[in-house]
Amino acid sequence: MEVIPSTLDLLSEMEERYEKKDKEYFIQLLVHKNFVIRTRAVCILVDFGGEEMIPYVAAVLKNDPDELVRHEAAFSLGQMCYHSGIKPLEDAVRNDPSFFVRHEAAIALGVIGSQDAKETLQKALEDSSEPVRESAIVALSNLQFMEKLSKNERFAKLTGG
């Protein structure tokens, strides 16, 4: 797939707005028609950081029509490691039509490492998709590790999925 010139112009503008830390600009791009732009907007908002970005990324996870964009949103919520990201991820594990997204949401729950997600992950062990079931095993093992053995939370989060 070749990137069309108008997309390159937009990417250039995005870079300028990134340098200015223009959060509102990137929030607007979360509904852009181009899935590449939406994916990049999610990543950039996460890079800006802050728990105030969770509702925007969670809305992408819930509503974006493209499974790749939803997958990126699930990954991003895990990397942000905020407790407020757990409920949107649990909803995705239980309800997203794509096993690709359910798998990533399960992994993200393991990375966050909260025992609050344990019940959802245990239910995911019965998912119709093997990658989702395997991801739930990885996530649950990290929850168990963090609860019983971990002395270094950063290590646990890095290895939790």
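Here, the structure is the one placed above.
Residues numbered from 1 in each chain as written. Predicted model: local features only at pLDDT ≥ 70, side-chain atom pairs only at ≥ 80, totals over all residues. Heavy atoms only, no water.

*Asks:* Help me understand the overall build of the chain, please; the structure alone is not making it clear to me.
*Replies:* If you tally the helices and strands in the chain, you get ten helices and zero strands. Relative to all contacts within the chain whose residues are 6 or more apart in sequence, the contacts with residues 24 or more apart total 57%. Carbon and sulfur atoms provide 53% of the accessible area of the chain, an area that totals close to 8,900 Å². (Helix = DSSP H or I, 4+ residues; strand = E, 2+ residues; numbered from the N terminus. Contact = heavy atoms within 4.5 Å. Areas by Shrake-Rupley, 256 points an atom, 1.4 Å probe, with all protein chains shown as cover.)

*Asks:* When you look at the environment of Ala 73 in this model, what are you seeing that I'm missing?
*Replies:* If you trace the backbone, Ala 73 turns up in helix H5 (residues 67-80). Classification of Ala 73 as buried rests on a relative accessible area of 0%. (Buried < 20%, exposed > 50% of the residue type's maximum accessible area, 1.4 Å probe, protein only.)

*Asks:* Is there a simple way to think about the pattern of salt bridges in this case?
*Replies:* Once their charged atoms are close, side chains differing in charge can pair, the charge on each being opposite to the other. Here the structure, examined in full by the defined rule, presents nine salt bridges. A salt bridge links Glu 90 to Lys 87; the shortest N-O distance between them is 3.5 Å. Note that Glu 90 and Lys 87 are positioned in helix H6 (residues 86-95) at a spacing of three residues, about one turn of the helix. Taken together, the salt bridges that share partners define one network made up of Glu 13, Arg 17 and Asp 22. (Salt bridge = Lys/Arg side-chain N within 4 Å of Asp/Glu carboxyl O.)

*Asks:* Looking at this model, I keep getting lost on the packing of H5 against helix H7 (residues 99-112). Mind explaining?
*Replies:* Angle between the axes and distance between the axes: these two values describe a pair of packed helices. Where H5 contacts H7, the two axes come as close as 8 Å, and the packing angle between them is 5°. In terms of orientation, H5 and H7 fall into the roughly parallel class. Contacts between H5 and H7 involve Glu 67, Leu 68, Arg 70, His 71, Ala 74, Phe 75, Leu 77, Gly 78 and Gln 79 from the first element and Phe 100, Val 101, His 103, Glu 104, Ala 105, Ala 108, Val 111 and Ile 112 from the second. Grouping the constituent residues of the contact of H5 with H7 by class yields ten nonpolar, four polar and three charged. (Axes fitted to C-alpha atoms, helices over the stretch in contact; angles between N-to-C directions. Parallel < 35°, antiparallel > 145°, perpendicular 65-115°, else oblique. Nonpolar A, V, L, I, M, F, W, Y, C, P; charged D, E, K, R; others polar.)

*Asks:* Looking at this model, I keep getting lost on helix H3 (residues 35-48). Mind explaining?
*Replies:* Each α-helix turn comprises 3.6 residues. Residues three or four places apart therefore point the same way. In this model, H3 (14 residues) spans 20 Å end to end at C-alpha, consistent with the 20 Å of a helix rising 1.5 Å per residue. Along H3, the residues classified as buried are Ile 37, Arg 38, Thr 39, Ala 41, Val 42, Ile 44, Leu 45, Val 46 and Phe 48. Between the side-chain oxygen of the N-cap and the backbone nitrogen of Val 36 there are 2.7 Å, and the N-cap of H3 in question is Asn 34. At the C-terminal side of H3, Gly 49 shows a positive phi close to 75°. (Expected span 1.5 Å × (residues − 1). Polar contact = N/O pair within 3.5 Å; in protein donor to acceptor, adjacent residues only side chain to side chain.)

*Asks:* Is there a simple way to think about the packing of aromatic side chains in this case?
*Replies:* The final tally for this structure, using the stated rule, is three aromatic pairs. For the ring pair Tyr 25 and Phe 26, a centre distance of 5.0 Å and an interplane angle of 90° mean the geometry is edge-to-face. Each member of the pair, Tyr 25 as well as Phe 26, is classed as buried. With a centroid separation of 5.8 Å and 70° between ring planes, the pair formed by Phe 26 and Phe 48 is classed as edge-to-face. (Phe/Tyr/Trp six-rings, centres within 6.5 Å; stacked < 30°, edge-to-face > 60°.)

*Asks:* How should I be thinking about the environment of Thr 7 in this particular structure?
*Replies:* Mapping Thr 7 onto the fold places it in helix H1 (residues 5-19). Every residue in contact with Thr 7, bar those within four places of it in the chain, is listed here: Asn 34 and Ile 37.

*Asks:* Looking at this structure, I do not really get the nonpolar core. What am I missing?
*Replies:* Inside soluble globular proteins, nonpolar side chains tend to come together where they are buried. Of all hydrophobic cores here, the largest spans 42 residues; its most connected members are Met 14, Phe 26, Leu 61, Leu 89 and Leu 121. Among the elements that take part in this core, H3 stands out by supplying seven residues, more than any other. If sequence neighbours within four positions are ignored, Phe 26 has contacts with Met 14, Arg 17, Tyr 18, Ala 41, Ile 44, Leu 45 and Phe 48. (Core = buried A, V, L, I, M, F, W, Y, C linked by side-chain atoms within 4.5 Å.)

*Asks:* What should I look at first to understand helix H4 (residues 54-63) in this one?
*Replies:* For H4, the full list of buried residues reads Ile 54, Val 57, Ala 58, Val 60 and Leu 61. Angularly, the buried residues of H4 cover 155° about the axis, an arc narrow enough to put them on a single face. In H4, the exposed positions angled more than 90 degrees off the buried face are occupied by Pro 55, Lys 62 and Asn 63. Residues of H4 that are buried in the fold lie against H3, H5, H6 and H7. (Arc of directions from axis to C-beta.)

As far as function goes, none of this settles anything; it's purely spatial.
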